[in-house]
Amino acid sequence: QETSVLERDEKSGKKQVIKSAYFDHVRPATTLQRSPFYDDIILSVGTQSFNIWKEGLVDPIFRSPNASCSIECSSWSSSRPGVIFVGKSDGEIDIWDLLSTSHKPRAVIQVGSSAVTAIQIWKGMDVERGNQEFLAAGDAFGSLHIFDMPTHLEKMLDNEIEIMRQYLDREAKAAQYARKMRK
């Protein structure tokens, strides 16, 4: 369902228009993040699933299956356009590689026994390997866990940006078709 609202900014008093609001998660969204590779693609994460949206469309172009437990946080990969990290309340991080498989996570990391509440990806320097990407996870106990990113999740495939764009465009067309058929 789409809505448009005219509001006043509390600080400046100026009128602002909320362009649109779409409702698709059963519970509150825990993450909203624009793709680092595509300006028109947005990740939204609810407590049971995540969606990928394309600006201008009313429906998500991808909906994940419901997770086995509550989702707490998420992040796009900074080096692979089709990879998403999803932190869950059971202490696991699901790693989705949409170019590999889109119906389940490609891999799972067991971080600990408490909920993963924050995920951050960053590039750093490893003494032995040189440039390296790291996955940092914060948990509900206040612990920080840092993992070396596996090479297959760090190194982009040949033409991966274009291949993922084609995938997203196909999913967008499918979402538009499904919406048209529901009317």
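Worth saying up front: this structure is predicted, and the values here are computed from it rather than measured.

A. Structural detail: the sheet that holds strand β7 (residues 71-76). The strand order β7-β8-β9-β10 describes an open sheet built from 4 strands, whose pairing is antiparallel. At either end of the open sheet lies a strand with only one pairing partner, and these are β7 and β10 (107-110). Sheet twist, expressed as the mean angle between neighbouring strand axes with direction ignored, is 20 degrees. Sheet topology places strand β9 (residues 92-97) next to β10; 4 bridges connect them, and they run antiparallel. Within β10, the position partnered with Ile 93 by the bridge is Ile 109.

B. A look at the packing of aromatic side chains. Throughout the structure, instances matching the rule amount to 5 aromatic pairs. Taking 5.7 Å as the distance between ring centres and 35 degrees as the angle between the ring planes, the aromatic pair formed by Phe 50 and Phe 62 counts as tilted. Of the two residues, Phe 50 is situated in strand β5 (residues 50-54) and Phe 62 in strand β6 (residues 62-63); the sequence distance between them amounts to 12 residues. In terms of burial, Phe 50 and Phe 62 fall into one category: buried. Their ring planes at 80 degrees and their centres at 5.2 Å tell us that Phe 50 and Trp 96 sit as a pair that is edge-to-face. You can see Phe 50 sitting in strand β5 and its partner Trp 96 sitting in strand β9, a full 46 residues away along the chain. A single burial state applies to Phe 50 and to Trp 96, both of which are buried. In this structure an aromatic cluster arises from ring pairing among Phe 50, Phe 62 and Trp 96.

C. Examining a nonpolar patch on the surface more closely. A grouping of Trp 122, Leu 144 and Ile 146 is seen on the molecular surface, where their side chains present a nonpolar patch of about 310 Å² in accessible area. Within the element layout of this structure, Leu 144 appears in strand β13 (residues 144-148). For Leu 144, a relative accessible area of 60% gives the class exposed.

D. Broad picture of the sheet that holds strand β3 (residues 31-34). If you trace the 4 strands from one edge of the open sheet to the other, you get β3-β4-β5-β6, paired in antiparallel fashion. Pairing within the sheet leaves two strands with one partner each, and these edge strands are β3 and β6. Summarising the sheet, strand β4 (residues 41-45) and β5 pair through 5 bridges and their orientation is antiparallel. Following the sheet pairing, Val 45 is matched in β5 by Phe 50.

The rules behind the values
Residues numbered from 1 in each chain as written. Predicted model: local features only at pLDDT ≥ 70, side-chain atom pairs only at ≥ 80, totals over all residues. Heavy atoms only, no water. Pairing = 2+ DSSP bridges. Helix = DSSP H or I, 4+ residues; strand = E, 2+ residues; numbered from the N terminus. Axes fitted to C-alpha atoms, helices over the stretch in contact; angles between N-to-C directions. Phe/Tyr/Trp six-rings, centres within 6.5 Å; stacked < 30°, edge-to-face > 60°. Buried < 20%, exposed > 50% of the residue type's maximum accessible area, 1.4 Å probe, protein only. Patch = residues over 30% accessible without salt bridge, like charges linked within 9 Å, V, L, I, M, F, W, Y side chains within 5 Å. Areas by Shrake-Rupley, 256 points an atom, 1.4 Å probe, with all protein chains shown as cover. Salt bridge = Lys/Arg side-chain N within 4 Å of Asp/Glu carboxyl O.

Keep in mind these values describe shape, not function.
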